[in-house]
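Residue strings, one per chain:
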Amino acid sequence: MRGRIDGWLLASLALCLLAPGLAFGQTNTNPITRQVVVDAEKLMGLDFSEAKIDLMLGDLKEQAGRFESLHRFAFSNNVPPALLFNPIPVGMKFETQRRKFKLSPVGKVKLPANLDDLAFYSVGELAALIRTRQITSERLTRFYLERLKKYGPKLECVVTLTEDLALQQARRADAEIAAGKYRGPLHGIPYGAKDLLAVEGIRTTWGSAPYTNQVFDYDATVIKRLEAAGAVLVAKTTLGELAMGDVWFGGMTRNPWNLKDGSSGSSAGSTAATAAGLIPFGIGSETYGSIVSPCDRCGATGLRPTYGRVSRFGAMPLSWSMDKLGPICRTVEDCAIVFNAIYGPDGLDQSVYDRPFNYDPKLKLSKLRIGYLKGDFDEEKGERKEHDEATLQKLRALGANLIPVELPDYPLRDISFVLSTEAAAAFDELTRSNRDDLMKQQDADAWPNTFRQRRFVPAVEYLQAQRLRYLLIQDTAKLFDKVDLFLTPSLSGRSLLLSNLTGHPEVVVPNGFTKAGTPTSICFIGRLFGEARLLAVAKQYQDATNFHLQHPVIADR
């Protein structure tokens, strides 16, 4: 989650004045009078006559009592509201036929003479080594566990090493493969999971001090599906506190290209560990930039799937209408492999749709309508502009006919408060109990202050913002009448916020390095549930470059 406090929302402070139950840590018994309502009006931009105010007073007092009754319910964080966000525009048609999942041939893969070179093999290459019995899952798992122990503290990217579980899963994978029961390209492959995903019997801290001893008695759906695919969980990786930034209760996750810098967030640990060769891939989440931003900073490749593609059961809710889980990998095709294992309904997360994923890397770019956000690229500056222009030229050389497009014009920042308002509801108990004082970050832009402010967002304004979001979804759909997908600068312009509000999928890939030696990236945004085509196009660009093949060097001392 990336975001700032929207100052105008302070105008909705009126709810604090109108509802006695909103005083944190105690009950406010101040009476609701005409003057209280008049003062509230000034903050909310309203102007009722005295007669209208007097008519409201009785009901306002009764309403405050209802709020008190609601506050007596102790909601756990995993209880969703009885409302489901629908990202699908009116009239949209979907592919229904399911075809075989196709991968590119990896060629002959040999175990390197120097085992350290394994650190940066792709999932596909590691799978070939395991499938051909050149290495066992246990040996590969021990190799990555050692790297996590050696470099994890330097990057501050690991919350919990799951060594016992990992070795158990690796030995099981080896036994199954020896018996001829090969499950597919993730069988025996180690990975890390962002520490907002529940793993039975292992603490899940959400990156925040109030939850450091939290242990669930079940696995998140994504964890279950990766286990079913034979993957081996080696670590719970760091995230910024409650999915914001790269600062967590244990420190700040580092950028492996420059240890003085943070890795960005909030999928900080999964990204830094993948980029540094401590795990072959990680699972991250994005609400607003939490996959794209750390991948840009650390030089990883990531997929933020369509909203409603991957079950969030067992994942910490931040924003029920915006949270998305996705893979962070070395290559685009690795993202396809992982996504193929985790997508689809589970009967638990009711927001998930049943749509096919027909990935086929052999697409001809010349047959696609590929757009680019001309205005946003024109406004880029410096090295990023140079790298983005080179990306566009490379795609043209590969046969793409790039079409200039622009996003619909909506006040995105003014409706972005839906994210933090939902987060305030998700963490209402934290605010009311004052346990938010335990959190590491306490400045104006940090969660504790934001949660308190968002308690004062009127329900009417929240729903009006969602209505505007509905119109945004309809108009964004018109853009995809013109193109199949489009390119965008990773962090500038409006596409990151817009596509998170509309729920469209996005792939981020490295596209260069600054003079200081740190990575830059480019993003591809596709149709809803269009991950197959989106990944295939991004793969062709990535295969024609070598940025993803360059890796950071972390000093041993």
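The model shown is predicted, which means the values in this text are computed figures rather than measured ones.

Caption draft 1: Structural view of the overall build of the protein. If you tally the helices and strands in the protein, you get 19 helices and 15 strands. Relative to a compact globule of 557 residues, whose C-alpha radius of gyration would be 24 Å, the protein shows 24 Å and is just as compact. Taken along the three principal axes of its C-alpha coordinates, the protein extends 85 × 50 × 45 Å. Counting across all 557 residues of the protein, residues that qualify as buried make up 58%. For the protein, the accessible area works out to roughly 23100 Å², and carbon and sulfur atoms hold 52% of it.

Caption draft 2: Main features of helix α5 (residues 137-155). Taking 1.5 Å as the rise per residue, α5 with 19 residues should run 27 Å; its terminal C-alpha atoms sit 25 Å apart, in good agreement. Along its length, α5 shows its largest kink, about 35 degrees, at Lys149, and proline Pro153 lies within four residues downstream of that point. Inspection of α5 places Ser137, Leu140, Thr141, Phe143, Tyr144, Leu145, Arg147, Leu148, Tyr151, Gly152 and Leu155 among the buried residues, and these make up the whole buried set. Directly beyond the C-terminal end of α5, a positive phi value near 50 degrees is found at Glu156.

Caption draft 3: Here's a closer look at the nonpolar core. Leu226, Leu242, Phe281, Phe427, Leu487 and Phe524 are the most contacted members of the largest nonpolar core, which has 118 residues in total. Those residues within four positions of Phe427 in sequence are excluded, and the remaining contacts are Asn77, Trp206, Tyr211, Leu242, Met316, Pro317, Leu318 and Phe451. With 20 residues, the next largest nonpolar core counts Cys157, Val234, Ala272 and Ala273 among its residues.

Caption draft 4: Local environment of the sheet that holds strand β12 (residues 402-405). Strand order in the open sheet formed by eleven strands is β1-β3-β2-β8-β10-β9-β14-β15-β13-β11-β12, with mixed pairing between adjacent strands. Only two strands of the sheet have a single partner each, and these edge strands are β1 (158-161) and β12. Shown here is a sheet whose adjacent strand axes are inclined to one another by a mean of 30 degrees, direction ignored. As paired elements, strand β2 (residues 190-194) and strand β8 (residues 282-286) share two bridges and run parallel to each other. The residue of β8 that forms the bridge with Gly192 is Gly282. Each of β8, β9 (301-304), β10 (324-329) and β14 (506-513) touches helix α10 (residues 332-342); the most contacted strand, β10, lies at about 140 degrees to it.

Caption draft 5: Main features of the pairing of strand β3 (residues 232-237). Most of β3 sits out of view: six of its six residues are buried. When β1 meets β3, the two strands line up antiparallel, connected through three bridges. Across the sheet, residue Leu161 finds its bridge partner in β3, namely Ala235. With five bridges joining them, β2 and β3 adopt parallel strand pairing. The partner of Pro190 across the bridge, within β3, is Val232.

Caption draft 6: Geometry of empty space enclosed by the protein. Counting across every chain of the model gives seven cavities of 30 Å³ or more. Computed from the structure, the second largest cavity encloses a volume of approximately 70 Å³. Residue classes in the lining of the second largest cavity are distributed as six nonpolar, five polar and one charged.

Caption draft 7: Representation of the packing of helix α14 (residues 417-426) against helix α17 (residues 459-479) within the structure. One can describe the packing of α14 onto α17 by two numbers: an axis separation of 10 Å at closest approach and a directional angle of 135 degrees. Between α14 and α17, the crossing angle belongs to the class labelled oblique. Relative to α17, the crossing made by α14 is left-handed. Contact residues: α14 offers Phe417, Val418, Thr421 and Glu422, while α17 offers Glu461, Tyr462, Ala465, Gln466 and Arg469. For the contact of α14 with α17, the class distribution of residues is four nonpolar, two polar and three charged.

Caption draft 8: How the structure looks around the pattern of salt bridges. One pass over the structure, following the stated rule, counts 31 salt bridges. When the shortest N-O distance is used, the salt bridge between Glu156 and Arg254 registers 3.2 Å. Residue Glu156 is located in the loop between α5 and β1, and its partner Arg254 is located in strand β6 (residues 254-255); the two are separated by 98 residues in the primary sequence. Connected via shared salt-bridge partners are Arg369, Asp484, Arg527 and Arg533.

Caption draft 9: How the structure looks around helix α12 (residues 382-397). Taking 1.5 Å per residue, 16 residues should reach 22 Å; α12 reaches 23 Å between its end C-alpha atoms and fits that length. All of the buried residues along α12 are His387, Asp388, Thr391, Leu392 and Leu395. Buried residues of α12 fall within an arc of 140 degrees about the axis and therefore sit on the same side. In α12, those exposed residues whose orientation departs by more than 90 degrees from the buried face are Glu386 and Ala397.

Caption draft 10: Expanded view of the pairing of β9. Of the two faces of β9, the one holding Thr301 and Leu303 and the one holding Gly302 and Arg304 are both buried throughout. Sheet analysis places β9 next to β10, joined by two bridges and oriented antiparallel. Note that in β10 the partner of Gly302 across the bridge is Ile328. Across three bridges, β9 lies against β14 in antiparallel orientation. Opposite Leu303, over in β14, you have Val507 as the bridge partner.

Caption draft 11: Quick look at the packing of aromatic side chains. Summed over all chains, the structure comprises 25 aromatic pairs. With centroids separated by 5.3 Å and ring planes inclined at 80 degrees, the aromatic side chains of Phe94 and Phe529 adopt a geometry described as edge-to-face. Note that Phe94 is positioned in the loop between α3 (50-71) and α4 (123-131) and Phe529 in the loop between β15 (519-526) and α19 (531-543), a separation of 435 residues in sequence. Classification of Phe529 by relative accessible area gives buried; the value is 8%. Taken together, a centroid distance of 5.7 Å and an interplanar angle of 70 degrees make the contact between Tyr343 and Phe357 edge-to-face. Here Tyr343, found in the loop between α10 and β11 (370-373), pairs with Phe357, found in the loop between α10 and β11; they are 14 residues apart in sequence, far enough to count as distant. Note on accessibility: Tyr343 and Phe357 belong to one class, buried. Three or more aromatic residues joined by ring pairs make a cluster, and in this case those are Trp206, Tyr211, Phe216, Tyr218, Phe313, Phe427, Trp447 and Phe451.

So, how was this worked out
- Within each chain, residues carry numbers counting from 1 in the order of the written sequence.
- Predicted model: local features are reported for residues with pLDDT of at least 70 only, side-chain atom pairs are reported and counted for 80 or more only, and whole-chain, interface and lining totals are derived from all residues.
- Processing note: side-chain calculations cover all non-hydrogen atoms of the structure and skip hydrogens and water entirely.
- Strands are runs of DSSP state E lasting at least 2 residues, helices are runs of H or I lasting at least 4, and numbering of each runs from the N terminus.
- Radius of gyration: over C-alpha atoms. The globule rule applied is 2.2 Å multiplied by the number of residues raised to the 0.38 power.
- Buried means the residue's accessible area, taken with a 1.4 Å probe over protein chains only, is under 20% of the maximum for its type, while exposed means over 50%, and partly exposed covers the values in between.
- Using the Shrake-Rupley algorithm and a 1.4 Å probe, accessible areas are obtained, with residue cover drawn only from the displayed protein chains.
- Each residue after the first adds 1.5 Å to the expected span of a helix.
- To obtain the bend at a residue, axes are fitted to the seven residues ending there and to the seven starting there, and the angle between these axes is taken.
- To qualify as a nonpolar core, a set must consist of buried Ala, Val, Leu, Ile, Met, Phe, Trp, Tyr and Cys residues joined through side-chain atoms within 4.5 Å.
- When checking whether two residues touch, look at their non-hydrogen atoms; a contact exists if any pair is within 4.5 Å.
- DSSP-based pairing: two strands are paired if at least 2 bridges between them are found.
- Each axis is a line fitted through C-alpha atoms, and for a helix only the stretch in contact is used; angles between axes span 0 to 180 degrees, taken between their N-to-C directions.
- Throughout, the protein atoms alone are placed on a 1 Å grid, and a set of points is a cavity if a 1.4 Å probe fits but cannot get out or a pocket if it is open with protein on both sides within 12 Å along at least five of seven lines; lining residues have an atom within 4 Å of a point.
- Grid points are joined across faces, edges and corners, and a volume is the space filled by probe spheres set on the points.
- Each residue is assigned to one of three groups, with Ala, Val, Leu, Ile, Met, Phe, Trp, Tyr, Cys and Pro labelled nonpolar, Asp, Glu, Lys and Arg labelled charged, and all others, Gly among them, labelled polar.
- For classification, angles of less than 35 degrees are called roughly parallel, those exceeding 145 degrees roughly antiparallel, those between 65 and 115 degrees roughly perpendicular, and all remaining angles oblique.
- Crossings are classed by handedness, with left-handed meaning an anticlockwise turn of the near helix from the far one by less than a right angle and right-handed meaning a clockwise turn.
- The term salt bridge refers to a side-chain nitrogen of Lys or Arg lying within 4 Å of a carboxyl oxygen of Asp or Glu.
- What the arc describes is the spread of directions from the helix axis to the C-beta atoms.
- For this analysis, a ring pair means two rings from Phe, Tyr or Trp (six-membered ring only for Trp) whose centres lie within 6.5 Å, classed as stacked if their planes differ by under 30 degrees, edge-to-face if by over 60, and tilted for the remaining angles.

Everything listed here is a matter of coordinates, which is why it stays silent on function.
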